[in-house]
Amino acid sequence: MEIRIKKIEPEKMKLKPLDESKLGFGKIFTDHMFTAKYHVDRGWHDAVIEPYRALSLDPTSMCLHYGQEIFEGMKAYRGKNDAIFLFRPDENIKRMNVSAERMCMAGIDAAMFMDALKKLILLEKDWIPRGIGTSLYIRPTMIATEKALGVHPANEYLFFIVVGPVGAYYPEGFNPTKMYVSEEYVRSVRGGTGNCKAAGNYAASLYASRIANEMGYTQVLWLDAIEMKYVEEVGTSNVFFVIGDELITPPLGGTILPGVTRDSVIQLARSWGIPVNERPISIDDVLSAQADGSLKEAFASGTAAIVSPIGQFFYKGKASVINGGKVGALTEKLYNEILQIQYGEKEDPFGWRVKVTD
Ligand code: COI
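Regarding the pattern of salt bridges
- Applying the stated criterion across every chain, the model contains 16 salt bridges.
- Taking the shortest distance from any N to any O, the salt bridge between Arg262 and Glu278 comes out at 2.8 Å. You can see Arg262 sitting in helix H5 (residues 260–271) and its partner Glu278 sitting in strand S13 (residues 276–278), a full 16 residues away along the chain.
- Several salt bridges share partner residues, and in doing so they unite Arg78, Asp82 and Arg130 into one network.

Brief notes about the packing of H5 against helix H7 (residues 329–342)
- At a minimum axis distance of 11 Å, the contact between H5 and H7 shows a crossing angle of 110°. Between H5 and H7, the interaxial angle falls into the category roughly perpendicular. Where H5 abuts H7, its residues Thr261, Val265 and Leu268 lie against Leu334, Glu337, Ile338 and Ile341.
- Tallied by class, residues from the contact of H5 with H7 come to 5 nonpolar, 1 polar and 1 charged.

Re the pairing of strand S6 (residues 84–87)
- Burial along S6 is two-sided: the residues Ile84 and Leu86 and Phe85 and Phe87 are all buried.
- Summarising the sheet, strand S5 (residues 74–78) and S6 pair through 3 bridges and their orientation is antiparallel. If you follow Ala76 over to S6, its bridge partner there is Leu86.
- Counting the residues between successive antiparallel strands, the hairpin from S5 to S6 contains 5 residues, one of them, Asn81, with a positive phi of roughly 55°.
- Relative to strand S17 (residues 353–355), S6 runs antiparallel, the two being bridged by 3 bridges. Of the residues in S17, the one forming a bridge with Phe87 is Arg353.

Rules behind the numbers
Residues numbered from 1 in each chain as written. Predicted model: local features only at pLDDT ≥ 70, side-chain atom pairs only at ≥ 80, totals over all residues. Heavy atoms only, no water. Salt bridge = Lys/Arg side-chain N within 4 Å of Asp/Glu carboxyl O. Helix = DSSP H or I, 4+ residues; strand = E, 2+ residues; numbered from the N terminus. Axes fitted to C-alpha atoms, helices over the stretch in contact; angles between N-to-C directions. Parallel < 35°, antiparallel > 145°, perpendicular 65-115°, else oblique. Contact = heavy atoms within 4.5 Å. Nonpolar A, V, L, I, M, F, W, Y, C, P; charged D, E, K, R; others polar. Buried < 20%, exposed > 50% of the residue type's maximum accessible area, 1.4 Å probe, protein only. Pairing = 2+ DSSP bridges.

By themselves these figures say nothing about function.
Here it is as structure tokens:
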């Protein structure tokens, strides 16, 4: 499908941030956005890149009532000689369609999605910051726009993509974060929507996150909803433990998000000869490994968080420090390797990088 491009008038362009060390995450957006509409009788239509604008929604738009809203998180990186790269964008496109199917929303045409990404990124290329660890964050989103109050899958959707320059997701940067293990609240349950990037999953996580933040913790480490025993994920990222010589991460059983960075970590570690096990691991096993010294490192992985060291868990009134609160060697190696691949500074043996060109 043809994407129309309607450029902003030059005098309306926003000022670009000057200090790349103060970008933060998700606060600054560029001059343009992509939108496309879907109607069950017409399919996708009206694909346009246009000046960034507020959306106008009828108060009965179904996304506002029954939560048909899904999204993705991706990044564009500026490498040497101003080359621009995406990292495994096909995986995000696939996952968005898995989320769409689970939430009974319209499937997005993969070619239109990729075309929109490339055209929008090229138009906004001057917004892509230069420093390692900074990037242009990409937020593809789909919402149900049909005006109706009956509970049923909507017949109309809006797909939009907004982008903006970002630095580190956590205020701690690449310093170890502190995780609060929730004993009371759960993020998702078997048969639910935990493996989708559905807005409701994040809404449901806020209450426990607020408790964690009030106690001085960065994030919640979620346990499984049935036994409140097995580690699941860290809400905005997947989680890994280095115990002895093994790298362990909870398996994808439908309750956790199948992270693109998670999969990249697994493939990289295996290629380095590290035994990686996707297996259920209880919080008690994690903490007894911490107590006997075999838990060497813990880290979170995600598009926004990249690879982010964990320095402490708080569970049942007790704080357990990991690796003396320092960044572990494997965590650092994975962080550097993934960044170097993303920025085009290293060979890309897995073919993960996609160069964005005219
Ligand atoms: C991402 O890692 O891109 C995410 O979407 C996580 C988040 C900031 C909600």
